[in-house]
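The primary structure of each chain is shown beneath.
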Amino acid sequence: MLEEFKDIDTIVYRQLYNGLKKLSHAYLFNLNNNVYAEDMIMSFVKSIMCKYHTDKEEYNNCYVCKRIDDGNFPDLKRIYPDGMWIKKEQLDELQQTFSTKPIESLRRCYIIYEVDKLNKSAANSLLKFLEEPGENIVAILLTNNINAVLDTIRSRCQIITFSKNKVEDYITYNNPVLFLNIQYYKNLLLLILQIHLYS
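None of these values were measured; they are calculated from a predicted model.

S.K.: How do you make sense of empty space enclosed by the protein when you look at a structure like this?
M.R.: The gaps left among the atoms become clear once a water-sized probe is rolled over them. According to the stated counting rule, one finds 1 cavity of 30 Å³ or more in the structure shown. As a volume, the largest cavity reaches approximately 30 Å³. Considering the residues around the largest cavity, the lining is formed by His-25, Tyr-110, Phe-129, Leu-130, Pro-133, Gly-134, Ile-137 and Ala-139. Listing elements by their share of the lining of the largest cavity, those giving two or more residues are helix 6 (120–131) and strand 4 (137–143). When the residues that make up the lining of the largest cavity are grouped by side-chain class, the tally is 6 nonpolar, 2 polar and no charged.

Set out below in structure tokens:
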């Protein structure tokens, strides 16, 4: 659930939590290579698209959310670069798919990964889609290079910027047990130093 991330990046958490009360039609996430960013964004997407759970246990056992994770939910579309670029044909297919009403959810959502890699014609197609958003369609655009995203696209999105990670974040994310061991020995060393100083 989104609440799991409230202490990870408090500013982004507040923006997303408040965003659930009044959704924008488009979000541009500046990831800053944050290791938690995509997990946090997917929790946000699940909160938008699924209303079947009210607590963490229900969330972890939710059939809809599991299908979102597996890429088998019809009202969520993911777009990745095809080779070096995201191409117009991919955006055309997206618009065609989203020209009808949602199938299972109240909303439809699309996620474009590495949106800075749109080629010129794809960028124009996306721009038109953002200028004339369909009813109950939410755009999620992701980038680690926000300066490479066209100004015209940026201006039509709510921009959310993740903070850069500290070294401990990489350790915690990749090996939480190792992090706990490091913290333990760090605290032990501080205790020994304090004893030595005051003895």
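S.K.: Please explain the side chain of Asp-9 as it appears in this structure.
M.R.: Its location among the elements puts Asp-9 in the segment before helix 1 (10–19). For the buried Asp-9, no salt bridge is present, and the opposite-charge side chain at shortest range is Arg-14, 8.1 Å distant. Sequence-distant contacts of Asp-9, that is, excluding residues within four places in its chain, are made with Asn-34, Met-40, Phe-162 and Ser-163.

S.K.: Which parts of the structure should I look at to understand unusual backbone geometry?
M.R.: Across residues other than glycine, the phi torsion is negative in most instances, and most of the peptide bonds are trans. With a phi close to 55°, Asn-33 is a non-glycine residue in the positive phi region. Summarising the element assignment, Asn-33 is placed in the loop between strand 1 (26–30) and helix 2 (37–49). On the basis of relative accessible area, Asn-33 is assigned to the exposed category, the value being 52%. Although it is not a glycine, Asn-136 sits at a positive phi angle of roughly 60°. Structurally, Asn-136 can be placed in the loop between helix 6 and strand 4.

S.K.: What am I meant to see in helix 6 here?
M.R.: The periodicity of an α-helix, 3.6 residues per turn, causes residues three or four places apart in sequence to face the same way. The terminal C-alpha atoms of helix 6, which comprises 12 residues, lie 16 Å apart, in line with the 16 Å expected from a rise of 1.5 Å per residue. Within the span of helix 6, buried status applies to Ala-122, Ala-123, Ser-125, Leu-126, Leu-127, Phe-129 and Leu-130. Residues of helix 6 that are buried in the fold lie against strand 1, helix 5 (88–97), strand 3 (108–112), strand 4 and helix 7 (151–154).

S.K.: Where do I start with the environment of Cys-65 in this structure?
M.R.: Note on placement: Cys-65 falls in helix 4 (residues 63–70). The exposure class of Cys-65 is buried, given its relative accessible area of 3%. Taking the C-alpha atoms as reference, Cys-65 lies 9.9 Å from Lys-51; in sequence the two are 14 residues apart.

S.K.: Which parts of the structure should I look at to understand the sheet that holds strand 3?
M.R.: Where strands meet in a sheet, backbone hydrogen bonds hold them as pairs that are either parallel or antiparallel. Taking strand neighbours across the sheet as the criterion, the 5 strands line up as 2-3-4-1-5 in an open arrangement whose pairing is parallel. What marks the edges here is a single partner per strand, and that holds for strand 2 (76–79) and strand 5 (158–161). For this sheet, the mean angle separating the axes of adjacent strands, direction not counted, is 15°. Direction of pairing for strand 1 relative to strand 5: parallel, over a ladder of 4 bridges. Across the sheet, Phe-29 pairs through a bridge with Ile-160, a residue of strand 5. Packing against the sheet, helix 5 makes contact with strand 2 and strand 3, and its axis sits at approximately 175° to strand 2.

S.K.: For this particular structure, what's the right way to read the packing of aromatic side chains?
M.R.: The final tally for this structure, using the stated rule, is 7 aromatic pairs. With a centroid separation of 4.4 Å and an interplanar angle of 10°, the aromatic rings of Tyr-80 and Tyr-113 are classed as stacked. Here Tyr-80 is found in the loop between strand 2 and helix 5, whereas its partner Tyr-113 is found in the loop between strand 3 and helix 6, with 33 residues between them in sequence. Given a relative accessible area of 43%, Tyr-80 falls into the partly exposed group. Among the residues examined, Tyr-113 registers a relative accessible area of 10% and is labelled buried. Linked through ring pairs, Tyr-27, Phe-29, Phe-44 and Phe-162 together constitute an aromatic cluster.

What counts, and at which threshold
- Residues numbered from 1 in each chain as written.
- Predicted model: local features only at pLDDT ≥ 70, side-chain atom pairs only at ≥ 80, totals over all residues.
- Heavy atoms only, no water.
- 1 Å grid on protein atoms, 1.4 Å probe; cavity = no way out; pocket = protein on both sides within 12 Å on 5 of 7 lines; lining within 4 Å.
- Points joined across faces, edges and corners; volume = space filled by probe spheres on them.
- Helix = DSSP H or I, 4+ residues; strand = E, 2+ residues; numbered from the N terminus.
- Nonpolar A, V, L, I, M, F, W, Y, C, P; charged D, E, K, R; others polar.
- Buried < 20%, exposed > 50% of the residue type's maximum accessible area, 1.4 Å probe, protein only.
- Lys, Arg positive; Asp, Glu negative; His and termini not counted.
- Salt bridge = Lys/Arg side-chain N within 4 Å of Asp/Glu carboxyl O.
- Contact = heavy atoms within 4.5 Å.
- Expected span 1.5 Å × (residues − 1).
- Pairing = 2+ DSSP bridges.
- Axes fitted to C-alpha atoms, helices over the stretch in contact; angles between N-to-C directions.
- Phe/Tyr/Trp six-rings, centres within 6.5 Å; stacked < 30°, edge-to-face > 60°.

This is a description of form; function is not addressed.
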